[in-house]
Amino acid sequence: MIYAAVQVVFYALAAAASFLVLTATFLVVRSARPRTNGIAFLSGFVFGTVVACGIGLAVGQAVVTRFDSHETFKAVITVALGLALLAVGVQARRTGATPPEARSSRAAAILDGLSHVGPAASSSMAGLLGFGGPKRLLLTFIAMAAVTDAGLRDVVDAGLVVVYIAVSTALVSVPIGIVVVAGDRAAAILARGQSWVSAHGARLRTWLSFLLGGALLADGLLRLLL
């Protein structure tokens, strides 16, 4: 159980590390109706994550049942994702440019829309982010495969899924929680946070990509070799 929990938390942290999600959250909490839009955004984001987890559990169970080499397949996917993140880190270090996920048409549409939409549209856009792009979705599937592979009791599996959802949505829940609790006083706090992230974004992207990519690569290689 401990090993499964460590895996789930690690993959959740990797999934949470998204500058697109953090930027979108800052836009929402600094909108005209920060509390209303923030709660709607968080609800949609959590819902999208829950849907992805449900699909990941179903896929993981099917793979475990039908394929004897599912561990090898999961290890290969982990290695590939680790290499991709290392490549992103190298690119970010060379150029210092906006990360690829924030340059996509999908991301641009979401960020542009969040500046002037109501709670319903905010929730829908958050659902797309919560479900995830390729990186987040793959990490969710790998985490759910770890839960399935552990072969623990249903209540423990449910607990691990809840832990994954809580950790992987932290970049949304924490700022919005600050807005809900602190109200108008949260504006200054979040403005400073957004300013710091903007100033150090390129360096953070680089080192996060290297750290997460290296850890995923090492994890995948150990699975293949052991």
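Residues numbered from 1 in each chain as written. Predicted model: local features only at pLDDT ≥ 70, side-chain atom pairs only at ≥ 80, totals over all residues. Heavy atoms only, no water.

K.L.:
Break down the overall build of the protein chain for me, with residues and values.
P.N.:
The number of helices and strands found in the protein chain is 11 helices and zero strands. Going residue by residue from the N terminus, the α and β elements of the protein chain occur as α-α-α-α-α-α-α-α-α-α-α. Burial status across the protein chain gives 42% buried among its 226 residues. Contacts in the protein chain between residues far apart in sequence, at least 24 positions, make up 87% of those at least 6 positions apart. Of the roughly 11,400 Å² that the protein chain leaves accessible, carbon and sulfur atoms contribute 69%. (Helix = DSSP H or I, 4+ residues; strand = E, 2+ residues; numbered from the N terminus. Buried < 20%, exposed > 50% of the residue type's maximum accessible area, 1.4 Å probe, protein only. Contact = heavy atoms within 4.5 Å. Areas by Shrake-Rupley, 256 points an atom, 1.4 Å probe, with all protein chains shown as cover.)

K.L.:
Which residues make up the packing of helix α2 (residues 19–29) against helix α10 (residues 170–182), and what values do they have?
P.N.:
In the contact formed by α2 and α10, the axes pass within 9 Å of each other and the chain directions differ by 20 degrees. Classified by the angle their axes make, α2 and α10 are roughly parallel. In this structure, the crossing between α2 and α10 has a hand that is right-handed. Across the interface between the two elements, V21, L22, T25 and V29 from α2 touch L171, V172, P175, I176 and V179 from α10. The class makeup of the residues in the contact of α2 with α10 is eight nonpolar, one polar and no charged. (Axes fitted to C-alpha atoms, helices over the stretch in contact; angles between N-to-C directions. Parallel < 35°, antiparallel > 145°, perpendicular 65-115°, else oblique. Left-handed = near helix turned anticlockwise from the far one by under 90°. Nonpolar A, V, L, I, M, F, W, Y, C, P; charged D, E, K, R; others polar.)

K.L.:
Lay out the packing of aromatic side chains in plain terms, naming residues and giving numbers.
P.N.:
What describes a pair of aromatic rings is the distance from one ring centre to the other and the angle between the planes of the rings. Taken as a whole and assessed by the stated rule, the structure comprises three aromatic pairs. For the pair F41 and F45, a centre-to-centre distance of 6.4 Å together with 15 degrees between the ring planes defines the contact as stacked. Taken together, the residues F41 and F45, both in helix α3 (residues 34–66) and four residues apart, mark about one turn of the helix. Residue classification places F41 among the buried residues on the basis of a relative accessible area of 0%. When its relative accessible area of 1% is taken as the criterion, F45 is described as buried. Between the aromatic rings of W207 and F210, the centroid separation amounts to 6.0 Å while the plane-to-plane angle is 70 degrees, which identifies the pairing as edge-to-face. Taken together, the residues span about one helical turn, with W207 and F210 both in helix α11 (residues 186–225) at a distance of three residues. (Phe/Tyr/Trp six-rings, centres within 6.5 Å; stacked < 30°, edge-to-face > 60°.)

K.L.:
Kindly report on the side chain of N37, identifying the contributing residues and their values.
P.N.:
Here N37 is to be found in helix α3. Beyond its immediate sequence surroundings of up to four residues, N37 is in contact with V28, S31, V117, G118, P119 and S122.

K.L.:
Lay out the nonpolar core with the relevant residues and their values.
P.N.:
Membership of the largest hydrophobic core comes to 20 residues, with the highest contact counts inside it found for Y11, C53, L139, M144, Y164 and L216. With six residues, helix α1 (residues 2–16) is the largest single contributor of residues to this core. Listed in part, the 19 residues of the second largest apolar core include L20, A126, L129 and L190. (Core = buried A, V, L, I, M, F, W, Y, C linked by side-chain atoms within 4.5 Å.)

K.L.:
Just give me the short version of the confidence of the model for the protein chain, but keep the residues and values in it.
P.N.:
For the protein chain, mean pLDDT is 80; residues scoring 70 or higher make up 81% of the total. By mean pLDDT, helix α5 (residues 100–103) is the weakest element of the protein chain at 50, and helix α7 (residues 119–131) is the strongest at 90. (pLDDT = per-residue confidence, 0-100.)

K.L.:
Would you mind going over the environment of A187 in detail, with residue names and values included?
P.N.:
Counting through the fold element by element, A187 comes out in helix α11. In this structure the C-alpha to C-alpha distance between A187 and F26, which are 161 residues apart in sequence, comes to 9.9 Å.

K.L.:
Would you mind going over a nonpolar patch on the surface in detail, with residue names and values included?
P.N.:
A cluster of nonpolar side chains, contributed by V76, L221, L222, L224, L225 and L226, occupies part of the molecular surface with about 640 Å² of accessible area. When residues of the nonpolar patch are assigned to their parent elements, the largest contribution, four residues, is made by α11. A relative accessible area of 42% means that V76 is categorised as partly exposed. (Patch = residues over 30% accessible without salt bridge, like charges linked within 9 Å, V, L, I, M, F, W, Y side chains within 5 Å. Salt bridge = Lys/Arg side-chain N within 4 Å of Asp/Glu carboxyl O.)

K.L.:
Describe the environment of T206, naming the residues involved and giving the relevant values.
P.N.:
Within the fold, T206 resides in helix α11. A C-alpha to C-alpha distance of 4.5 Å links T206 and G89, two positions 117 residues apart in sequence.

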